[in-house]
Each structure stands twice: as C-alpha cells, then as structure tokens.
Amino acid sequence: ESISSIAAIEGIEWIDRMPVFTTFALPMAGEDRQEAATFDVPAYTGYETGTKLMGFEAAWQRGFTGRGETVAIGDTGVDTGVLGTLHPDLQQVKGGFAVGTGSRSWEDPQGHGTHVTGSIVSNGARSGGRIRGGAYEAGFYGVGLWSPLLNNLVFPNDFTKITGVTYDVGARVHSNSWGNPRDFGVYDAFARKADEYLWNNPEMLILFAAGNSGQDANKDGRIDVGSVTSPATAKNVLTVGASENFLLEGGIQKKLGELRDGDAKWGVEPLASDRLSDNPQGLAAFGSRGPTRDGRIKPEIVAPGTNIVSTRSKHPSAQPLWGSYAEDYAYAGGTSMAPPLTAGAATVTRQYLKQEWRVSNPSGAVVKALMVHTAFDLFPGQYG
C-alpha cells in the first residue's frame, strides 16, 4: 500500500519484488518417482553421470582432472555437513559455510546439494570409479543456503557471502542450481549484484541454471521462448541450460505427456511422446529458453540434465529425487544437474589454461569464452 509514497522519496533508487528462490531439480509426482525408486539398478552403460556425453574421459586421460583447482557450490548443503562423516565419494570436500537464514550447519537436509556436489567432485569410491564427477581431483567447498527456519533457500542478498566466502579460500568456479522462477527474462537487482561481484572479482566464474520453466503453452509443438530466470539473466555469469542425457533405463522413463501436468505443458507432438533421456541431440523440454527481455542470448551453453546419477545425501530427511540408484546414489533431473557438470568442465578448463598455456590466473571471462566457443553445436537438434 505504501509503494507509491516510498517511490516518491528522492533517495529511493529501485523497488523490486522480493525474490523467492527454489532449486532447479525438476520435481516429480509420487507416482513418477515411485517407478524410479523401485527400479532394479540397470546394467552400467557409462552414460549415467553425464560425463561421457561431455567427453570428460579424453581430458582425464591427459591428466586434466581438476587437480590443483578449487571449485564451490551454493546450494542446500552437502551431505552431513561434517568432515569425516561425508559420503565416501566426497573426499575432495575441504569444508563448508552455513549462509542460510538461521542455519548453523552446511548439512544437506534436502538431497539436492549433495547430488550436484557429486557431479563436480565425486571420486567414485562406492562405485568402483564409475560414478565420478567431472573434476574429481579438485578441492571443493560447499555453501549451505538452506534455511531450517523457513524450510527453503533463504539467504542474504549479498554475493560476498554466497560466493565470496569460497573465493577467500581459493575457489575460482562457483556453481549455482537455483533461481527465482518468476518475472522471466528480467535483469533485476539480484542479477545486477551477481554482475557487480564478478566485475570486482574477475578471476571468479559463477554459473547459474537457466530454470525449469520450459513449456509449450500455446500448443504449437515447440517450447516457448523467454523463460530464463534470475540470476541466470545476469550478463557476466555463465548461464547453463539442460540437454538430454542418454539413459534408456532407470530414473524417470515416462513420456512427457504422461508426467504430472505433462499434458498441459508438453501435450502436443512431437513433445508429448518424447522421453526425458532418449536423444542427446535434444534440449530438455522443461529447460528455460531465452532470450532475455533485453535480447541477450541465454543460456549460453547446455549440458546433460535428465536422469543424471550422482551422490545421495545420508541426511535422514533427504529425498531420493528421481529415485534411488543403488544405496549411495540417486537419479535426478532438471537444469540443476547441468551447471555442476559444466562447473566441472570449467574447472578442468582452468587447469588446462594454467598448465598448457601458462596462464597463471585465468579470468572467469576467459574460461567462459573458451567453453562457449569450443562447445559443439546440437544442430539440427532432436526434431530437425
């Protein structure tokens, strides 16, 4: 009721709606997840983690495993939040920070943060080296953004706390799989703060998920444009969308039109009969599309984000996401799953620049540019 009078005050520079952040693991209905939770573990194919499609093996064979680099996330936390009791695959975790409102721990009561952590630095200890992250020899720090008071992602609107705490301990790549799924495409105050932080700390590269708001609302058989969320709308961050992994068994295998709300979101062919991870040439139907409202290309890059297998939180309240994969791992999907894989690639790229090109302190902009301009094109895509 007071906005008009507040806006008239000379000292007021900007008024914005308070963002409500959420993780970008695509939620599945109970009946959808039940299929995955009771599914026998299929035969290993090598595509489970998403790293195979991205070509990580070639980098690993040359010794580019993230060794000597430090990477971080801002998310729901990491497993137990206590060194020495973490998932055996997460021995690269060096510590964490509790930033969520009212939180005193960086534990992961939701399961999301542990999964994305594994996609970056899981060493595969519980899987014979099979379920590994892209930069499995990098050092790692987790930033817990979960608020136990509000049972959601609630944290200070301050990137010196979201990102800066990890920069101070050496991290130069920071992955974020969350955003504000409203006011699509806008360059808001939070996006501006991300850009401001990166301007002041040019060695850092921050990654954000584009969002899960992709749908065919006008029923023309194509995903509608203009649904990227903030802070992924920021100019200096690397915004990551989701492509399809290639996994034909396990996880969620229903047709898009059969998922909860699927008929409303993706009910027209060729979307309706498509499955989530049957064609790596395709973009995930749920992934937010660009451009931003001011015409910029977002996301700049995509990575596998459907039926990704990674580490599972041991916290008693953590969820199995898209279903269990053996005891220590879980399936998950959403644009959430793409930034950590891309962060692993950014970490490996940074190691490459330092070792092969003798660039002692590569800027985040250089890492971002190198990745975007050496990515391969999905053209002509899944449907031509």
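The text that follows walks through the structure, step by step, so that each part is easy to find. These numbers come from a predicted model, not from an experiment. (Residues numbered from 1 in each chain as written. Predicted model: local features only at pLDDT ≥ 70, side-chain atom pairs only at ≥ 80, totals over all residues. Heavy atoms only, no water.)

## Notes on the sheet that holds strand S3 (residues 93-98)
Strands in a sheet are paired, the pairing made by backbone hydrogen bonds, and the direction either parallel or antiparallel.
Next up, step 1: Here seven strands make up an open sheet; going across it, the order is S3-S4-S2-S7-S9-S10-S11 and the pairing parallel. Of all strands in the sheet, those with a lone pairing partner are S3 and strand S11 (301-304), marking the two edges. Recorded for the sheet is a direction-independent mean angle of 25° between the axes of neighbouring strands.
Next up, step 2: Alignment of strand S2 (residues 70-75) against strand S4 (residues 139-144), held across six bridges, turns out to be parallel. Opposite valine 71, over in S4, you have phenylalanine 140 as the bridge partner.
Next up, step 3: Contacting S2, strand S7 (173-176), strand S9 (205-209), strand S10 (238-243) and S11, helix H10 (residues 338-356) runs over the sheet at an angle of about 170° to S7. (Pairing = 2+ DSSP bridges. Helix = DSSP H or I, 4+ residues; strand = E, 2+ residues; numbered from the N terminus. Axes fitted to C-alpha atoms, helices over the stretch in contact; angles between N-to-C directions. Contact = heavy atoms within 4.5 Å.)

## Quick notes on a nonpolar patch on the surface
Next up, step 1: A contiguous nonpolar patch, built from Ile3, Ile6, Ile9, Ile12 and Ile15 and spanning about 420 Å² of accessible area, is present on the exposed surface.
Next up, step 2: Residue classification places isoleucine 15 among the partly exposed residues on the basis of a relative accessible area of 41%. (Patch = residues over 30% accessible without salt bridge, like charges linked within 9 Å, V, L, I, M, F, W, Y side chains within 5 Å. Areas by Shrake-Rupley, 256 points an atom, 1.4 Å probe, with all protein chains shown as cover. Salt bridge = Lys/Arg side-chain N within 4 Å of Asp/Glu carboxyl O. Buried < 20%, exposed > 50% of the residue type's maximum accessible area, 1.4 Å probe, protein only.)

## A short note on unusual backbone geometry
Next up, step 1: Cis geometry marks the peptide bond from glycine 290 to proline 291; its omega dihedral reads 0°.
Next up, step 2: Among the structural elements, proline 291 can be located in the loop between helix H9 (262-266) and S11.
Next up, step 3: That bond from phenylalanine 379 to proline 380 is cis: its omega, 5°, falls within 30 degrees of zero.
Next up, step 4: By the secondary structure assignment, proline 380 is in the segment after helix H11 (364-374).
Next up, step 5: A positive phi is found at lysine 219, a non-glycine position, where the angle reads about 60°.

## So, H10
Since the α-helix turns once every 3.6 residues, residues separated by three or four places project in the same direction.
Next up, step 1: In this model H10 runs 26 Å from its N-terminal to its C-terminal C-alpha over 19 residues, within 8% of the 27 Å that 1.5 Å per residue would give.
Next up, step 2: Most of H10 sits inside the fold, with 15 of its 19 residues counted as buried.
Next up, step 3: Remark: arginine 358 follows H10 within two positions and exhibits a positive phi of approximately 55°. (Expected span 1.5 Å × (residues − 1).)

## Overview of the pattern of salt bridges
Next up, step 1: Throughout the structure, instances matching the rule amount to twelve salt bridges.
Next up, step 2: Across the pair aspartate 79 and lysine 314 runs a salt bridge whose closest N-O atoms are separated by 2.7 Å. Placement of aspartate 79 in the loop between S2 and S3 and of lysine 314 in the loop between strand S12 (308-311) and strand S13 (324-325) is noted, with a sequence separation of 235 residues between them.
Next up, step 3: Judged by its relative accessible area of 0%, aspartate 79 is buried.
Next up, step 4: With a closest N to O distance of 3.7 Å, glutamate 203 and arginine 350 form a salt bridge. On the criterion of sequence distance, the pair formed by glutamate 203 in the loop between helix H8 (189-200) and S9 and arginine 350 in helix H10 is long-range, its members being 147 residues apart.
Next up, step 5: Judged by relative accessible area, arginine 350 falls into the buried class, the value being 5%.
Next up, step 6: Counted as one network, the salt bridges with shared partners bring together Glu69, Arg172, Glu203, Arg350 and Lys354.

## Looking at the packing of aromatic side chains
Next up, step 1: Within the structure shown, the criterion is met by 15 aromatic pairs.
Next up, step 2: On the basis of an interplanar angle of 65° and a centroid distance of 5.0 Å, the ring pair of phenylalanine 155 and tryptophan 178 is categorised as edge-to-face. With phenylalanine 155 in the loop between strand S6 (152-153) and helix H6 (159-162) and tryptophan 178 in strand S8 (residues 178-179), this residue pair connects regions lying 23 residues apart in the sequence.
Next up, step 3: Phenylalanine 155 gets classed as buried once you look at its relative accessible area, which sits at 10%.
Next up, step 4: An aromatic cluster of three or more residues is present, and its members are Phe21, Phe155, Phe159, Trp178, Phe190 and Phe208.
Next up, step 5: Sitting above the plane of the tyrosine 47 ring, lysine 52 keeps its charged end 5.4 Å from the centroid.
Next up, step 6: Across the ring face of tyrosine 136, the terminal group of arginine 132 is positioned such that the distance to the ring centre comes to 4.1 Å. (Phe/Tyr/Trp six-rings, centres within 6.5 Å; stacked < 30°, edge-to-face > 60°. Lys NZ or Arg CZ within 6 Å of the ring centre and 35° of its normal.)

## Section: the environment of alanine 98
Next up, step 1: Summarising the element assignment, alanine 98 is placed in strand S3.
Next up, step 2: With a relative accessible area of 35%, alanine 98 lands in the partly exposed category.
Next up, step 3: Residue contacts for alanine 98: discarding those within four places in its chain leaves Ser103, Arg104, Ser105, Trp106 and Gly144.

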